[in-house]
Amino acid sequence: MTKAPTNAITSAISSAPANPAALRPAVAHGGNLHEAARRYGIAWDAWVDLSTGINPHGYPVPPVPAAAWRRLPDEGDDFAACAARYYGAPDAHHVLPVAGSQAAIRALPALLPRARVAVAPLTYGEYASAFAHAGHDVVPLDVCANALPADVTHAVVVNPNNPTAVRVDRERLLRWHAQLAARGGTLIVDEAFADAFDAPHSPTLADATRHAGLVVLRSPGKFFGLAGVRCGFALAAPALLDALRAHLGAWTVSGPARHAVAHAFADTGWQTAMRARLATESARLDALLRAHGFAPHTTPLFAWIADARAQALQDALARRAIWTRCFDPSAESGGTPASLRLGLPASAEEWQRFEHALTHAVQDIG
């Protein structure tokens, strides 16, 4: 697996015009296969979808008990405590289950004092949009900085970053948190892709969420491949979680979702085997891209390449029913290079199709 991008790359990613949310009216996402099918005239079920970073080998959820469908979710169950144990949070009082981390992303900006918030120009696009919508002033985050600018009150870090695979070390994040907390601000760390790393290499700050001014967002959607259950977790000091709970209301996570995620969290054997499998497959993806002259940066769940031919490569692959996620520098990434994110194929057949398509796509774009 490759290392995170060099300082030169992260510096380029960090230099962009202020308020990237203003660059587009809506946030684009991967997984939009119906759009690809319409655009290219290829049937929806004929595609290999590499446009997300979701584990294609999702957790095998056991049958859902009938009661989970009939009863309202029981907020007095062990679900928050189960998540606290899995993530390493201080205790259940520091964990709030939410309807996907997206629910927290949209709600949190309205709960924080309006101020200047730093967000990386090329990262998960919902953050800049949510903060701008709530009246905050969004400015670009320099992920290489030891100290945040004095006029920044809040900051958002996706760690590892989606899509660039940049990882910010724990010491830097804790230093930023201390700076922001002293200003009455908040550091939000999105760890949606952290589960795929072995514990010694995980970038998590879950254990530090006893401190005010720190929010960690986690999601079982990526590593466990359970994006469809729409479940996530906000980890923070109880006072902020109480405000978030009041804002979101009751029954944020369904009974079947609680069943699926609780089983996934408890299955340590599956987790260990899957991390090993993903490490092998991401290394294969990395080697394949390098063999075709690209310089990818990877996490265990996706690879990212910055290349001026990204749009042409996406198109050439799409004409062969391989769907990827392209980032247009003029519309999405604050002036950073055009780039492409590729997830992992789901089967030997998909790997073969992708390898064949990539060979011919590279020939097409020259």
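Quick note: structure is the one above.
Residues numbered from 1 in each chain as written. Predicted model: local features only at pLDDT ≥ 70, side-chain atom pairs only at ≥ 80, totals over all residues. Heavy atoms only, no water.

**Student:** Would you mind going over the layout of surface pockets in detail, with residue names and values included?
**Tutor:** In this structure, the second largest pocket encloses a volume near 310 Å³. Surrounding the second largest pocket, 20 residues form its lining, Glu75, Val95, Leu96, Pro97 and Arg245 being those nearest its centre. Counting residues per element, the ones that place at least two in the lining of the second largest pocket are α4 (79-87), β2 (95-98) and α8 (238-248). It is α8 that contributes the most residues to the lining of the second largest pocket, four residues altogether. (1 Å grid on protein atoms, 1.4 Å probe; cavity = no way out; pocket = protein on both sides within 12 Å on 5 of 7 lines; lining within 4 Å. Points joined across faces, edges and corners; volume = space filled by probe spheres on them. Helix = DSSP H or I, 4+ residues; strand = E, 2+ residues; numbered from the N terminus.)

**Student:** Tell me about the environment of valine 362, and name the residues and values.
**Tutor:** Secondary-structure assignment places valine 362 in helix α12 (residues 348-365). Given the relative accessible area of 16%, valine 362 is considered buried. For the pair valine 362 and leucine 317, spaced 45 residues apart in sequence, the C-alpha to C-alpha distance is 8.9 Å. (Buried < 20%, exposed > 50% of the residue type's maximum accessible area, 1.4 Å probe, protein only.)

**Student:** Residues and numbers for the nonpolar core, please.
**Tutor:** Counting residues in each nonpolar core, the largest one holds 75 residues, and the members touching the most others are Phe224, Phe233, Phe265, Leu313 and Phe354. Setting aside chain neighbours within four positions, we find leucine 313 in contact with Phe294, Ile305, Leu340, Leu358, Ala361 and Ile365. Core analysis: the next-biggest nonpolar cluster, separate from the first, contains 23 residues, Val98, Ala107, Phe131 and Ala234 among them. (Core = buried A, V, L, I, M, F, W, Y, C linked by side-chain atoms within 4.5 Å. Contact = heavy atoms within 4.5 Å.)

**Student:** So what's going on with empty space enclosed by the protein? Which residues, and what values?
**Tutor:** If you roll a probe as big as a water molecule over the atoms, it shows you where there is empty space left. Per the stated rule, a full pass over the model turns up one cavity of 30 Å³ or more. Along the wall of the largest cavity there are twelve residues; nearest its centre are Ala120, Val143, Val158, Asn161 and Val166. In terms of residues, the lining of the largest cavity owes the most to one element, strand β5 (residues 154-158), which gives three residues. Taken together, the residues of the lining of the largest cavity sort by class into nine nonpolar, three polar and no charged. (Nonpolar A, V, L, I, M, F, W, Y, C, P; charged D, E, K, R; others polar.)

**Student:** If you had to explain the sheet that holds strand β9 (residues 297-298) to someone new, which residues and values would you point to?
**Tutor:** Either a parallel or an antiparallel arrangement is found when strands of a sheet pair, and the pairing is made through backbone hydrogen bonds. One open sheet holds the four strands; their spatial order is β9-β10-β13-β12, and the pairing between them is antiparallel. Because the sheet does not close on itself, it has two edges, and the strands there are β9 and β12 (325-327). As judged from the three bridges shared by β12 and strand β13 (residues 339-343), these two strands associate in the antiparallel manner. The partner of cysteine 326 across the bridge, within β13, is leucine 340. (Pairing = 2+ DSSP bridges.)

**Student:** Can you lay out the packing of helix α5 (residues 101-111) against helix α6 (residues 126-133) for me, pointing to particular residues and giving the numbers?
**Tutor:** Helices that pack against each other are described as a pair by the angle of their axes relative to one another and the distance between those axes. One way to put it is that α5 packs onto α6 with a least axis distance of 7 Å and a crossing angle of 30°. The orientation of α5 relative to α6 falls into the category roughly parallel. Crossing hand, α5 versus α6: right-handed. Contacts between α5 and α6 involve Gln102, Ile105, Arg106 and Pro109 from the first element and Glu126, Tyr127, Ser129, Ala130, Phe131 and His133 from the second. (Axes fitted to C-alpha atoms, helices over the stretch in contact; angles between N-to-C directions. Parallel < 35°, antiparallel > 145°, perpendicular 65-115°, else oblique. Left-handed = near helix turned anticlockwise from the far one by under 90°.)

**Student:** How would you summarise the sheet that holds strand β3 (residues 116-119) if you had to cite specific residues and measurements?
**Tutor:** What the seven strands build is an open sheet, ordered β2-β8-β7-β6-β5-β3-β4; its pairing is mixed. The sheet is open, and its two edges are formed by β2 and β4 (137-140), each paired on a single side. Taking each pair of neighbouring strands and ignoring which way they run, the sheet shows an average axis angle of 20°. Where β3 and β5 come together, three bridges link them in parallel fashion. Across the sheet, the residue bridging to valine 117 is histidine 154, located in β5. On the sheet, α4 packs against β2, β7 (214-218) and β8 (232-235) and is oriented at approximately 110° with respect to β2.

**Student:** Tell me what's going on with unusual backbone geometry, and back it up with residues and numbers.
**Tutor:** The omega angle of the peptide bond from asparagine 159 to proline 160 is 0°, so this bond is cis rather than trans. Within the secondary structure, proline 160 sits in the loop between β5 and α7 (170-182). A cis amide bond links asparagine 162 to the next residue, proline 163, at an omega of 20°. Positive phi, normally seen in glycine, also occurs at tryptophan 251, with a value near 55°. Non-glycine residue alanine 321 carries a positive phi angle of around 65°.

**Student:** Outline helix α10 (residues 268-291), listing residues and values.
**Tutor:** The end-to-end C-alpha distance of α10, which contains 24 residues, comes to 35 Å, matching closely the 34 Å that a straight helix rising 1.5 Å per residue would cover. Within α10 the residues assigned to the buried category are Trp270, Gln271, Met274, Arg275, Leu278, Glu281, Ser282, Leu285, Asp286, Leu288 and Leu289. Among the structural elements, α4, α9 (255-266), β9, β10 (302-306), β13 and α12 are those in contact with the buried residues of α10. Two residues or fewer after α10 comes glycine 293, characterised by a positive phi angle close to 90°. (Expected span 1.5 Å × (residues − 1).)

**Student:** Would you mind going over the packing of aromatic side chains in detail, with residue names and values included?
**Tutor:** Here a ring pair, both rings aromatic, is described through the centre-centre distance and the interplanar angle of the planes. Taken as a whole and assessed by the stated rule, the structure comprises 17 aromatic pairs. Between tyrosine 59 and tryptophan 270 the ring centres are 5.2 Å apart and the planes differ by 90°, which places this aromatic pair in the edge-to-face class. Here tyrosine 59, found in the loop between β1 (48-49) and α3 (66-70), pairs with tryptophan 270, found in helix α10; they are 211 residues apart in sequence, far enough to count as distant. Tryptophan 270 matches tyrosine 59 in its accessibility class, with the two residues each being buried. Consider the rings of phenylalanine 233 and phenylalanine 265, whose centres lie 5.7 Å apart with planes at 40°: the pair is tilted. Taken as a pair, phenylalanine 233 in strand β8 and phenylalanine 265 in helix α9 lie far apart in primary sequence, 32 residues in all. An identical accessibility class is assigned to phenylalanine 233 and phenylalanine 265; each is buried. (Phe/Tyr/Trp six-rings, centres within 6.5 Å; stacked < 30°, edge-to-face > 60°.)

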